[in-house]
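One-letter residues, chain by chain:
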Amino acid sequence: QVQLVESGGGLVQAGGSLRLSCAASGSILSINVMGWYRQAPGKQRELVAAITSGGSTNYADSVKGRFSISRDNANLIMYLQMNSLKPEDTAVYYCAAAGVEVVDAPIDDYWGQGTQVTVSS
């Protein structure tokens, strides 16, 4: 059973910073791509940032230069450092893992439960 658990969300004023963490657990052999998505009320879920096992990164245009994604492959943890936060960054942030190889199970994708980030103006 693979679990992704997010932490680090909260309430912050505009211009502030937060760091989100996503810890993966289970009989995991490898994870191809990990990413952060977000969903604001009334909007579709969107990709914020993604990182491959080799460290290649991809960011949404709206967060480039402000957010930074990283991962610790040995400990199966992913981070999202969010700086210069804006009210429009307010959303539930979800951790995602794609191409997860586990013991005695097919490769699959997984989602976390989400963590709320609220940026006040």
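The preceding data block contains the structure.
In short, a report on the structure. Bear in mind that the values here come from a model prediction, so they are computed numbers and not experimental data.

Brief notes about the pattern of salt bridges
Part 1: A complete count under the given rule lists 4 salt bridges for this structure.
Part 2: Between Arg38 and Asp89 there is a salt bridge, with its nearest N and O atoms 2.9 Å apart. Of this pair, Arg38 sits in strand E4 (residues 28–39) while Asp89 sits in the loop between strand E8 (77–82) and strand E9 (91–102), and the two are 51 residues apart along the sequence.
Part 3: Assessed through its relative accessible area of 6%, Arg38 is described here as buried.
Part 4: Two residues, Asp89 and Arg66, come together in a salt bridge whose shortest N-O distance is 2.8 Å. Here Asp89 is found in the loop between E8 and E9, whereas its partner Arg66 is found in the loop between strand E6 (57–59) and strand E7 (67–72), with 23 residues between them in sequence. We note that Asp89, like Arg66, is buried.

Regarding the state of the cysteines
Throughout this description, disulfide means a covalent bond between two cysteine sulfur atoms.
Part 1: What the rule picks out here adds up to 1 disulfide.
Part 2: In this model Cys22 forms its disulfide with Cys95; the gap between the sulfur atoms is 1.9 Å. With the S-S bond torsion at -65°, the cross-link from Cys22 to Cys95 turns out left-handed. Within this pair, whereas Cys22 is found in strand E3 (residues 18–25), its partner Cys95 is found in strand E9, the two being separated by 73 residues in sequence.
Part 3: By relative accessible area, which is 0% here, Cys22 ends up buried.
Part 4: Of the residues examined, Cys95 reaches a relative accessible area of 0% and is grouped as buried.

Reading the values: rules and limits
- Residues numbered from 1 in each chain as written.
- Predicted model: local features only at pLDDT ≥ 70, side-chain atom pairs only at ≥ 80, totals over all residues.
- Heavy atoms only, no water.
- Salt bridge = Lys/Arg side-chain N within 4 Å of Asp/Glu carboxyl O.
- Helix = DSSP H or I, 4+ residues; strand = E, 2+ residues; numbered from the N terminus.
- Buried < 20%, exposed > 50% of the residue type's maximum accessible area, 1.4 Å probe, protein only.
- Disulfide = S-S within 2.5 Å.

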